[in-house]
Amino acid sequence: MGYKVAVVGATGNVGREMLDILVERAFPADQVVALASRRSLGQEVSFGDRTLKVQALDQYDFSDTDLCLMSAGGETSKEWSPRIGAQGCVVIDNSSAFRYDSDVPLIVPEVNADAIVGFSKKNIIANPNCSTAQLVVALKPLHDAATIRRVVVATYQSVSGAGKDAMDELFNQTRAVFTAGEVKVQKFSKRIAFNVIPHIDVFMEDGSTKEEWKMVAETKKMLDPKIKLTATCVRVPVFIGHSEAVNVEFERPLSAEEATQILRSAPGILVDDKREPGGYITPHEAAGEDATYVSRIREDITVENGLSFWCVSDNLRKGAALNTVQIAEVLVNRRLIQPKQKAA
């Protein structure tokens, strides 16, 4: 007997990716339900070789559903995730609504899968921010080997992280530039076509943005509260794929060769580092792939025990949908949940 899975936000970028990944990874679901707001009622979304008719979230009964993959934004999650969890359905939430709740596990399976056991307090598990997810996958094996003291990261984040409207804005602005049309700025604070914007999410009192704060708080929660981290998050005119320039200081010496070997054997990572023109990964190659790619591994001689590297991943997959499905797989593989229909 398989599981009954509901995908909330099924018409969005991440929701559609979740449906694709459930099929790709042959997740043991007997029934998959596509949910969204009432304005999407009756739309169709692809699920393998079938199509699913979208149902309205506020009219759906979760009492016989085992898993809810939630990708409908923070406000929707705050309202619905506790209600859904109270009906005995485990919510894996892609928003930031519950990431910093001490009773909600924040999980990247390659990093802290064992922390998932605390999910039953609220029946909610949080998925990290897209930029944090790929970062901690790369940091975890290095931290285990030499203990990270400090991380400095600059992100180059694609527009898909801001949703479909943001992707449309990049497309429309790019076309307008080439056709001498009007470049309309709607989704972003400044023009994104042929530009970069050092501003993601709202500004905070100390001058950081919320996106940068998320990377700090989430890394500490998942990896080690002692790690010092500073981030500068930048939106770039790329459709899919987040990139990060990462500088790490360790407690103990770690050579570039040692780091390369450690990363090559770590789960979820592919090292592509040939030290020649083209011998590295860009967002173009990472789009549609599951791995977190690491390139440009080198020692930083300006600090003691320093290392720099380049990290790239598909933000809609490992940064969101794939990680969500992998969390669901941990629940199933460790027998932490049973299908309600079987239990009945």
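What counts, and at which threshold
- Along each chain, the written sequence defines residue order, and numbers are assigned to residues from 1.
- Reporting of local features is limited, given that this is a predicted model, to residues whose pLDDT is at least 70; pairs of side-chain atoms are given and counted only at 80 or more, and all residues count toward the totals for whole chains, interfaces and linings.
- Each side-chain value is derived from all of the structure's non-hydrogen atoms; neither hydrogens nor water enter the calculation.
- Between the N-to-C directions of two axes lies an angle of 0 to 180 degrees, each axis being a line fitted to C-alpha atoms and, for a helix, fitted only over the stretch in contact.
- Only DSSP runs of H or I reaching four residues or more are called helices, and only runs of E reaching two or more are called strands; each is numbered from the N terminus.
- Note on terminology: angles under 35 degrees are roughly parallel, angles over 145 are roughly antiparallel, angles of 65 to 115 are roughly perpendicular, and the others are oblique.
- If you view the pair so one helix is near and one far, a crossing is left-handed when the near helix is turned anticlockwise from the far one by less than a right angle, and right-handed when it is turned clockwise.
- Between two residues, a contact is recorded if the distance between any of their heavy atoms is within 4.5 Å.
- Charged residues are taken to be Asp, Glu, Lys and Arg, nonpolar residues to be Ala, Val, Leu, Ile, Met, Phe, Trp, Tyr, Cys and Pro, and polar residues to be all remaining types, Gly included.
- Two strands make a pair as long as DSSP finds a minimum of two bridges between them.
- UniProt positions are given in the numbering used here, feature names are shortened, and annotations may be inferred rather than shown by experiment.
- Side-chain atoms alone can form a polar contact between residues adjacent in sequence; in general such a contact is a pair of N or O atoms within 3.5 Å, and within protein one must be able to donate a hydrogen while the other accepts it.
- Relative accessibility decides the category of a residue: with a 1.4 Å probe and only protein chains considered, values under 20% of the type maximum give buried, values over 50% give exposed, and everything between is partly exposed.
- Centres within 6.5 Å are what make two rings of Phe, Tyr or Trp a pair, Trp counting through its six-membered ring; a difference in plane orientation under 30 degrees is then read as stacked, over 60 as edge-to-face, and the rest as tilted.
- For salt bridges, the criterion is a side-chain nitrogen of Lys or Arg within 4 Å of an Asp or Glu carboxyl oxygen.

Between helix H4 (residues 130–146) and helix H7 (residues 256–264), the least distance of the axes is 9 Å, while the angle of their chain directions is 125°. For the element pair H4 / H7, the angle class is oblique. The element H4 and its partner H7 pack so that their crossing is right-handed. Of the residues in H7, those touching H4 at Ala138, Pro141, Leu142 and Ala145 are Ala259, Ile262 and Leu263. Grouping the constituent residues of the contact of H4 with H7 by class yields seven nonpolar, no polar and no charged.

Moving on to the sheet that holds strand E5 (residues 55–56). Here we have six strands laid out as an open sheet, ordered E5-E2-E1-E6-E7-E8, and parallel in their pairing. Every other strand in the sheet has two partners, leaving E5 and strand E8 (124–126) as the edge strands with one partner each. By the bridge criterion, six bridges tie strand E1 (residues 3–8) to strand E2 (residues 29–36) in an arrangement that is parallel. In the strand pairing of E2, Val8 is matched with Leu35.

Further remarks concern the UniProt feature "binding site: NADP(+)" (unreviewed entry) in the chain. In this numbering, the UniProt entry assigns the feature "binding site: NADP(+)" (unreviewed entry) to Thr11, Gly12, Asn13, Val14, Arg39, Ser40, Ser160, Gly161 and Asn315. Annotated residues spanning 305 residues; largest pairwise C-alpha distance 26.3 Å, indicating distribution over more than one region. On the secondary structure map, Asn315 appears in the loop between strand E14 (306–313) and helix H9 (317–333). Polar side-chain contacts of Asn315 include one of 2.9 Å to the side chain of Ser160.

Relative to the helices and strands, Gly2 is located in the segment before E1. Overall, Gly2 belongs to the buried group, its relative accessible area being 10%. What Gly2 contacts, discounting residues up to four positions off in sequence, is Pro28, Asp30 and Pro339.

The tally for this structure, following the rule as stated, stands at five aromatic pairs. Ring centres of Tyr100 and Trp213 lie 4.8 Å apart, and the angle between their planes is 65°; this geometry places the pair in the edge-to-face category. One end of the pair, Tyr100, is in the loop between strand E7 (90–93) and helix H3 (109–112); the other, Trp213, is in helix H6 (residues 210–222), and 113 residues separate them in sequence. Residue class for Tyr100 comes out partly exposed when judged on its relative accessible area of 32%. Its relative accessible area of 33% is what places Trp213 among the partly exposed residues.

Right, let's get into the pattern of salt bridges. Applying the stated criterion across every chain, the model contains 22 salt bridges. Between Glu44 and Lys53 there is a salt bridge, with its nearest N and O atoms 3.4 Å apart. Under the relative-accessibility criterion, Glu44 is labelled partly exposed at 45%.

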